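Inside the fold
If you want the building blocks of each chain, they are given just below.
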Amino acid sequence: MDLHSANSSYSEYVPRLEARKLSLAYDCTIILERLNLAIHADRITVLVGPNGCGKSTLLRGLARLMKPNHGQVYLDGRAIAKLPTKAVAKRLGILPQSPVAPEGLTVKDLVAQGRYPHQNWFQQWSIEDEQQVERALALTEMREFTHRPIDSLSGGQRQRAWIAMTLAQNTNTLLLDEPTTFLDLAHQIEILDLLQELNYQEGRTIVMVLHDLNQACRYADDLVAIKQGHIYNQGSPEAIMTEALLADVFGINCKIMADPVAGTPMCIPIGKTTKIKSEAAQDVG
Ligand SMILES: Nc1ncnc2c1ncn2[C@@H]1O[C@H](COP(=O)(O)OP(=O)(O)OP(=O)(O)O)[C@@H](O)[C@H]1O
Ligand SMILES: [Mg+2]
């Protein structure tokens, strides 16, 4: 057997999503320049980084919501720019950071929009569509709000309605930009646990932006730390979440300890006043 045929018997590894030399810009302002990133199938990838570093821009670029200035994004090895819109929407769902619903739209109407890629001119609404909408409403605990207008909901309820819409799309890859912002702690954990379940039990690939670094370390298989439009480091939370990273990327002085529940890295910020307070407590004592 010659070398060529020996190699061809191995199937080449293809990431679920891949950015190759991807540059994204708003007008003439380049935000990400020639960025390379592989998102692995069946894993949870969490993007972290300070405000304005380019997390949302990257997520939008991966979902084809922005046209690259340079480079390409590949979905399962195929250039996403060349795939039909519905084919992409059947495989990849995105929850943007600040989505806006048309005035008066009800929760059910919004969640039903997630079914759009699965419809066609000869079949407008199927039993499968109805079941997926019901499932998404149940998973996000939004059933009681089914007929409420989106603009009458609290920030957290609204956020869950949008997550339900993304789930109703029933894609094997989900990109979520700060899915837990606006949620109380109980609902944050519920949504993160739900995403982890979808990953473990149904093999869905999850990519999300989180600001809570301790939650990021708990839920991520792969952590991607972004600084000023570049990938500073990438790997398992245990491998890359260091005090040096927190100082370089976020400009904060932190201690890292093992999370007593999950064992994952836990970041304890050392604020400027922490020492003063503890000294003050000692003085009082
Ligand atoms: N629509 C836009 N037009 C022009 N500049 C933009 C636009 N959206 C974002 N930017 C700029 O691009 C840069 C990256 O923004 P991006 O929204 O990707 O940051 P981010 O990491 O998601 O921040 P945050 O944590 O605040 O959500 C910022 O400097 C921002 O001001
Ligand atoms: Mg953002």
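To start, this report covers the structure provided alongside it. (Residues numbered from 1 in each chain as written. Chains lettered and ligands numbered in written order. Predicted model: local features only at pLDDT ≥ 70, side-chain atom pairs only at ≥ 80, totals over all residues. Heavy atoms only, no water.)

**Remarks on the overall build of the protein chain**
Convention followed: Each helix is a run of DSSP H or I of at least 4 residues and each strand a run of E of at least 2, with the numbering of both proceeding from the N terminus. For the exposure calls, accessible area comes from a 1.4 Å probe over protein chains only, and a residue counts as buried if that area is under 20% of its type's maximum, exposed if over 50%, partly exposed in between. Contacts: residue pairs with any heavy atoms within 4.5 Å of one another. Accessible surface is estimated by sampling points in the Shrake-Rupley manner with a 1.4 Å probe; for residues, cover comes only from the protein chains shown. Note that His is not counted, nor are the chain ends; the positive residues are Lys and Arg, and the negative ones are Asp and Glu. In this description, the location of a charge corresponds to atom NZ of lysine, CZ of arginine, CG of aspartate or CD of glutamate.
From N to C terminus, the protein chain includes 11 helices and 12 strands. Projected onto its principal axes, the C-alpha coordinates of the protein chain cover approximately 75 × 65 × 40 Å. Expressed as a percentage of the 285 residues in the protein chain, the buried residues total 45%. In the protein chain, the share of contacts with a sequence separation of at least 24, taken over all contacts with a separation of at least 6, comes to 63%. Surface accessibility of the protein chain: about 15100 Å² in total, with carbon and sulfur atoms responsible for 52%. For the protein chain, the separation between the mean place of its 28 positive charges and that of its 32 negative charges on side chains is 6 Å.

**A look at the nonpolar core**
Basically, it comes down to this: The nonpolar core is taken to be a set of buried Ala, Val, Leu, Ile, Met, Phe, Trp, Tyr and Cys residues, with the residues joined through side-chain atoms within 4.5 Å.
Of all hydrophobic cores here, the largest spans 48 residues; its most connected members are Val46, Val107, Val111, Leu195, Met208, Leu223 and Met241. For this core, the element with the most residues is helix 6 (residues 155-168), which contributes 7 residues. Apart from the residues lying within four places of it in its own chain, the contact partners of Leu223 are Val46, Val48, Ala216, Cys217, Asn233, Gln234, Gly235, Pro237, Ile240 and Met241. Judged by nonpolar contacts, the second largest core, of 27 residues, contains Ile39, Leu58, Ile80 and Val207.

**Looking at the environment of Ile252**
Here Ile252 shows up in the loop between helix 10 (243-250) and strand 11 (254-258). With 230 residues separating them along the chain, Ile252 and Leu22 place their C-alpha atoms 29 Å apart. The residues contacting Ile252, other than those within four sequence positions of it, are Leu246 and Ala247.

**Structural notes on the sheet that holds strand 7 (residues 173-177)**
Selection rule: Only when DSSP finds a minimum of two bridges between them are two strands counted as paired. Axis definition: a line fitted to C-alpha atoms, limited for helices to the stretch in contact. Angles are taken between N-to-C directions and run from 0 to 180 degrees.
Within the open sheet, the 6 strands sit side by side as 6-7-8-3-9-10. Their pairing is mixed. At either margin of the open sheet sits one strand with a lone partner, and together these are strand 6 (92-95) and strand 10 (230-235). The mean inter-strand angle of the sheet, taken between neighbouring strand axes irrespective of direction, is 15 degrees. In this sheet, strand 8 (residues 205-209) lies alongside strand 7 in parallel orientation, the contact comprising 5 bridges. Looking at strand 8, one finds that Leu175 is bridged to Val207. Sheet contacts for helix 7 (residues 185-202): strand 3 (44-48), strand 7 and strand 8; angle to strand 8, the most-contacted strand, approximately 150 degrees. On top of the sheet, helix 10 reaches strand 3, strand 9 (222-227) and strand 10; it is set at about 160 degrees to strand 10, its chief contact.

**Remarks on the environment of Lys55**
The following threshold applies: In protein, a polar contact requires one atom able to donate a hydrogen and another able to accept it; more generally it is a pair of N or O atoms within 3.5 Å, and residues adjacent in sequence count only if both atoms are side-chain atoms.
With respect to the element layout, Lys55 can be found in helix 2 (residues 55-62). Note: C-alpha distance between Lys55 and Leu210 (155 residues apart in sequence) is 9.6 Å. Of the polar contacts made by the side chain of Lys55, one reaches the backbone oxygen of Gly49; its length is 3.0 Å.

Any functional reading would require information that these geometric values do not contain.
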